[in-house]
Amino acid sequence: MPSTNTASPSRNRLRVLHLFGSESSDYYSIVSTKYACECDEGTMTDPTVRKEFEYVYACVHPQEPRWSFPKDLSVKSRSKAERMGNSAAVARLISMNVDVCVPHMFCYPGMTTYRSIMEFLNIPFVGCQPDAMALSTHKGQSRGVMQHAGVRVPSGELLTQGENEKEVPDLYTIIKAHKYHILQKQTSLPSTTVINPLIIKRTGVVLVTKSEDIKKGLETAFKFDQQVLCEEYIPLGRELRIGAIEDGEGNICVLPAIEYHLSKEKPIRASTDKLTEDKKGLPTGFAKTVTTCPAKINTKLRAKLVDMVTKAHKALGCRDYSLFDVRVSPSGEPFFLEAGLYCSFSPRSVVVNLCKATGDSSLGYHALFRMLIKRAASRKVDVTKLDTQSLGMMKKQQNKKNDPIETKHAA
């Protein structure tokens, strides 16, 4: 087995890189920066974190040159940091001798390409690998993988522009026969609406309640993606988010759930229920929501959720933690809507609060953060003790272990 380093031998503290920003839009850049700042401020209140970790920062920008490396996350430092292109940024990252990375990027390239860059530079990071992140953002593919693993998902159809979008009326008729409606989701990227080249606004899902609105809804959806997912609308019973965290041996511990209290007048959560926006569509803060954490769940429902979370976590190839949106029907049956496999470790982050809800001190905010940082850092490969053949074999084994298809069949 290849040897690993938990920390650079010349330093007493782990050097932790906070990777934030977005190459896709100002919108995602603002959201990412807000969460990174909250993580920075929240974790550094703990004396043990300050003793064990040293923070450095890398920011990705929507405009060229893409990169900057501020000395801290203050507005002044971020605005004055020198901008540089990809080649110079890679050289800078190598020279920083980073032990581990906390990714705070929510755009598609941030969840995939930039995590791959970290892997290429032998900078281990907390959370899922790029392939799992890519799978989770494609709602059609991820729901198919979860369903194959035995996880209940709403009935649905993946529509491709120019191929089968005309099948919607038939699908609608079938769903209406079951007293459901069509829920439209964009599939390949986090749901977005382009306002201008630098601003992208999240729109979430569209609930179609009248047959005459189907055509208009699809025309709107296909402006932003060539594929659209149409799903059953599960009548409002309960709206939950529930996740899991892995222990040091890779065993999956299913966490408590958080419940979002919705009304009959507004039965789905939209983007405006998560973030507030200005007139330009840019995020200004976090929306107020009515929640209960931990949610009150009976033994029967809890058993179903534990089984389904465990299967979904394995099937999608998750690592360290996972998080899922779940709709519970009025009859008490849970349906998994989607996976959200990211956490910025802000005090307000859902995974953080689900861990806190366990009442286990080892999963408290700072303890959880320190545990996951150290675990990720232990994945750093000591390349001085490996030859080229060993590196290739190790990478192949790692990819196979985290391949969602391989894991799916094993689930």
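Please refer to the structure placed before this passage.
Presented here is an overview of the structure given in this document. Predicted, not measured: the structure shown is a model, and the values here were computed from it.

Notes on the environment of proline 267
Moving on, step 1. Note that proline 267 resides in the loop between β13 (252-260) and β14 (275-277).
Moving on, step 2. When its relative accessible area of 13% is taken as the criterion, proline 267 is described as buried.
Moving on, step 3. Separated by 29 residues in sequence, proline 267 and arginine 238 place their C-alpha atoms 9.6 Å apart.
Moving on, step 4. Those residues in contact with proline 267 that sit more than four places away from it in its chain are Leu207, Tyr233, Leu236, Leu262 and Arg327.

Structural notes on the side chain of glutamate 239
Moving on, step 1. If you trace the backbone, glutamate 239 turns up in strand β12 (residues 238-246).
Moving on, step 2. Only 2.7 Å separates the side chain of glutamate 239 from the side chain of arginine 327, close enough to count as a polar contact.
Moving on, step 3. The contact partners of glutamate 239, leaving out residues within four places of it in the chain, are Ile258, Glu259, Tyr260, Leu262, Arg269, Val326, Arg327 and Leu337.

Let's talk about the pairing of β13
Moving on, step 1. Across the nine residues of β13, seven count as buried, placing the element largely inside the fold.
Moving on, step 2. Pairing analysis gives seven bridges linking β12 to β13, with the strands arranged antiparallel. Within β13, the position partnered with leucine 240 by the bridge is glutamate 259.
Moving on, step 3. Where β12 folds back onto β13 in an antiparallel hairpin, the turn is made up of five residues, including glycine 250, whose phi is positive at roughly 90 degrees.
Moving on, step 4. Judged from the two bridges that link them, β13 and strand β16 (residues 291-292) form a sheet pairing that is antiparallel.

Side note on the pattern of salt bridges
Moving on, step 1. All chains considered together, the criterion is met by 15 salt bridges.
Moving on, step 2. Here glutamate 239 makes a salt bridge to arginine 327, at a shortest N to O gap of 2.7 Å. Here glutamate 239 is found in strand β12, whereas its partner arginine 327 is found in strand β17 (residues 321-328), with 88 residues between them in sequence. As far as burial versus exposure is concerned, glutamate 239 and arginine 327 are alike and both buried.
Moving on, step 3. Lysine 304 serves as the salt-bridge partner of glutamate 333, at 2.7 Å between the closest nitrogen and oxygen.

Calculation criteria
- Residues numbered from 1 in each chain as written.
- Predicted model: local features only at pLDDT ≥ 70, side-chain atom pairs only at ≥ 80, totals over all residues.
- Heavy atoms only, no water.
- Helix = DSSP H or I, 4+ residues; strand = E, 2+ residues; numbered from the N terminus.
- Buried < 20%, exposed > 50% of the residue type's maximum accessible area, 1.4 Å probe, protein only.
- Contact = heavy atoms within 4.5 Å.
- Polar contact = N/O pair within 3.5 Å; in protein donor to acceptor, adjacent residues only side chain to side chain.
- Pairing = 2+ DSSP bridges.
- Salt bridge = Lys/Arg side-chain N within 4 Å of Asp/Glu carboxyl O.

Coordinates in, geometry out; function isn't part of it.
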